[in-house]
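One-letter residues, chain by chain:
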Amino acid sequence: VNENRVRNCVSVDDREVVTSTAGRENVDTRVHCKGLKGNMALNFDQDNPNVVLLAQDSIGNIQYGTAPESPSARKVAGHGLSENSVGFYKVSFKPIEHKFSFKLSDFGFKKLPPKTILDDLSGIMRIGLNAIMGPADSRMSSLLDVLADHAQKKGQSGQVFINGENQPINYCFESAYVMKEDVLTESLTVRENIAFSASLRLSCSKEQRREKVNQVIRELELTDVADRKVSVPFTKKISEEERRRTNIGLELVIDSGILFLEEPTGELADPNALSLVNTLKNLSSSRVVVASFRRAQFSIYKQFDTLTLLSRGGLLYHGQAGDTALKYFIDIGHQCEPHDNPVDHFLKVINEVESKETENFTTEVQRTKNLVSVVGDAELGYQENKLVPIYKESTQHQDIDRELTLMLDKAGNTKAKTPEFAVNFVRQLSVLSYYLMKGYVNNPMSLLLETIVYTILGIVIGLLYFQVDDNYAGFQNRVGVLFLVGFLLMFSNLPGVSFVKRGRPIFFHHVARGYYRVSTFLVTKLFCDITPPKVVFSFVFGIITYWMIGLKPDLDKFIAYLLMVVLAGWSGGVLALNNAVGQKLYSVALGLTVGFSVFSMVVGGFLINMDDIGPYFKILQYTSPFRFILHAFFVTELEHTVYCDMTVQNRTINDTIIPVLACNPNRLIDGDEYLDSLGYQGTELWVDYFSVIMAVIVPGFMIYFTLLFLRFFVRRK
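Notes on the structure follow. Note that the structure is predicted; figures quoted are calculated from it, not measured.

1. Concerning the nonpolar core
Counting 168 residues, the largest nonpolar core has F260, F304, L307, F633 and F634 as its most contacted members. If you tally residues by element for this core, the top one is helix α17 (residues 555-581), at 14 residues. Those residues in contact with F633, other than ones at most four positions away along the chain, are L482, V485, G486, L489, Y561, M564 and V565.

In structure tokens form, the structure reads like this:
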């Protein structure tokens, strides 16, 4: 091999890349290639000196094949080098939106003109730390969404390349995309969170997954806190920086070779932000790291390999960071002051240009009559930054365009398809169930405190209605306490709407990346998350209240009461989840849950007699779980029972007047007559239990179809 031919990798550009080296005799020459990090082994086929054989090892150095080709080592068309890369050619994103109009002349949904989110972006990002920056409303996250395949397809144009090939169909299930939202399960440890992701997204053996998790923990410098719970009361929590690192670890386990991050430094303090960026820099030595940043101190800016600047979805600059970016701005007439932070200088220039253009645009709007008919409603907010056409005329942009054109020609029209799930349904079910139960084990204080609350609540009710009498006043107390128990069981479901705050974002994060199916989530949520605590708490509450109140001391009556208490608590939890899954706002979900609970009590037949509200509204009682809960309580306790005040009455027996204790006819209530007045007679007890079970099954199906709809028809942006 003539080393002069390959010293700077110049002569390699025109050679064919062969990524499979099986069965060939090759000569290995290790050289340092200009413009690339690390050493590279260039291997020439002895039968054909114009063919270069190369592969990538596990630590990121490109060297002669030591392992079979992985998805992270695909050929890059137009380079002659096998490396990870992300390319985007003339990418635009103009989603079509609809607006509801209340005008009589134009009532209904109105289709708006496309709104420009991204406009004609082109670039290539290779191994290294690739930063995306821009001022407010620069649409950095939208670009990341498109590159990682997490944006809606309607309205997209252009082409995205992953490792030189067309972006695969369903690439979102393969891409490692760390969004700025925290999606950690707080009751699990750092290691368990990462292991949970690995168990559902890797199909390898248990030992290989364990080794991968340990490797990720070491790479992210989380060894010291690996076995610390994320955020559990009465235990030490991990810091915000460690939370960000753990979120990165969730995606790093799949080892896709490309890592997307949305504002990884977030609101971190400067020292913590710098520490995290240094870690990302280390990770970028063997993979493509694409990250958006709102701000960056100079010490962070020095870590960037490339810089992409956006303004209102337009591309202002895409190329090398450091002095190259500064030189570009000097060439277009924007000198950076000495000792000024380059990032602050770039953003200052962009903001100044945007402000002038916005002022001119506003003046033009004021002069224009009938503006909507001229430019359309949706386009009023988009004005191209004048720095965009300047960049498009630069040699940098033209060189990238030529390279992407060659890449487009070689990629063709074929697209691979990424499977949605890495493991089967049974594996998903077992993993999800295990880690849900693990969360309860890791947070015993939560279960203990809730058990104490239910116990105290049962004792308080038991003391207020302690051993009620069987007289006229005792009947009122029995009816009152049974209504109170049903009321408390209905409103004990309110904590379930907290799913909106933590559970809903985590669920959509998981299903968008192919962790598990919607059906898997629903089954484990109902039977491993809602059922165990509801059954335990309701069981404890039912035992305490039944015997302290002094209800009928018959075993069958006790079992019937306890079973209904457990079913009522279970159905309440499912109903709360049903109200929460479709809502983004906690207040709305809470209002729906409270509203349905009140409605259920009103039409339950106790607060209002259903015979007096008309036949059309009478049917509403059969939509009320509270009616069947209360019916079971009342029938179990009041049926075939007479409650009265006992008075001394003179009875004549064999011509002898004998004083005896007897019911006062003026202070007597027949339980059967009372049930008949409520409309509760004529219904079998099994109907109540069946109806409450249906109050679990029907909302369960509603939850399933709601989640399916949101999963397939609602996107993040």
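Still more to cover.
2. Some words on helix α21 (residues 671-678)
All buried positions along α21 are accounted for by G671, Y674, L675 and L678. Buried residues of α21 fall within an arc of 100 degrees about the axis and therefore sit on the same side. Of the exposed residues in α21, those oriented more than 90 degrees away from the buried face are E673 and D676. Two to three positions downstream of the cap, the backbone nitrogen of D672 sits 2.8 Å from a side-chain oxygen, assigning the N-cap of α21 to D670. Looking one or two places after α21, you find G679, whose phi comes out positive at around 80 degrees.

3. Topic: the packing of aromatic side chains
The full count for this structure, using the stated rule, is 32 aromatic pairs. Here the aromatic rings of Y328 and Y391 are separated by 6.2 Å at their centres, their planes lie at 80 degrees, and the arrangement is edge-to-face. Of this pair, Y328 sits in helix α7 (residues 323-331) while Y391 sits in helix α10 (residues 387-392), and the two are 63 residues apart along the sequence. In this pair, the class of Y328 matches that of Y391, namely buried. Centroid distance F483 to F606: 4.9 Å. Interplanar angle 25 degrees. Geometry classified as stacked. Here the residue F483 occupies a position in helix α14 (residues 472-491), and F606 occupies one in the loop between α18 (586-602) and α19 (615-618), the gap between them amounting to 123 residues. Of the aromatic side chains, those joined through ring pairs into one cluster are F293, Y301, F304, Y317, Y328, F329, F346 and Y391. Positioned over the ring face of Y586 is K501, at 4.2 Å from the centre of the ring. Lying over the aromatic face of F628, R627 brings its terminal NZ or CZ to 5.5 Å of the ring centre.

4. Thoughts on the sheet that holds strand β14 (residues 156-162)
Read from one edge of the open sheet, four strands run β12-β9-β14-β15, paired in antiparallel fashion. Two strands in the sheet have a free side with no partner beyond their single neighbour: β12 (118-126) and β15 (165-166). Bridge analysis of strand β9 (residues 85-93) against β14 gives six bridges, and the strand direction is antiparallel. Each bridged residue has a counterpart across the sheet, and for V86 the counterpart in β14 is I162.

5. Quick look at the sheet that holds strand β17 (residues 258-261)
Read across the open sheet, the six strands follow the order β16-β17-β18-β13-β19-β20; overall the sheet is mixed. Here the strands that pair on one side only, and so sit at the sheet edges, are β16 (176-178) and β20 (314-320). Neighbour-to-neighbour, the strand axes of the sheet open up by a mean angle of 15 degrees, direction not taken into account. Two strands pair when backbone bridges link them, and β16 and β17 are joined in this way by three bridges, in the parallel orientation. Among the inter-strand pairings, V178 is bridged to a residue of β17, identified as L261.

Rules behind the numbers
Residues numbered from 1 in each chain as written. Predicted model: local features only at pLDDT ≥ 70, side-chain atom pairs only at ≥ 80, totals over all residues. Heavy atoms only, no water. Core = buried A, V, L, I, M, F, W, Y, C linked by side-chain atoms within 4.5 Å. Buried < 20%, exposed > 50% of the residue type's maximum accessible area, 1.4 Å probe, protein only. Helix = DSSP H or I, 4+ residues; strand = E, 2+ residues; numbered from the N terminus. Contact = heavy atoms within 4.5 Å. Arc of directions from axis to C-beta. Polar contact = N/O pair within 3.5 Å; in protein donor to acceptor, adjacent residues only side chain to side chain. Phe/Tyr/Trp six-rings, centres within 6.5 Å; stacked < 30°, edge-to-face > 60°. Lys NZ or Arg CZ within 6 Å of the ring centre and 35° of its normal. Pairing = 2+ DSSP bridges. Axes fitted to C-alpha atoms, helices over the stretch in contact; angles between N-to-C directions.

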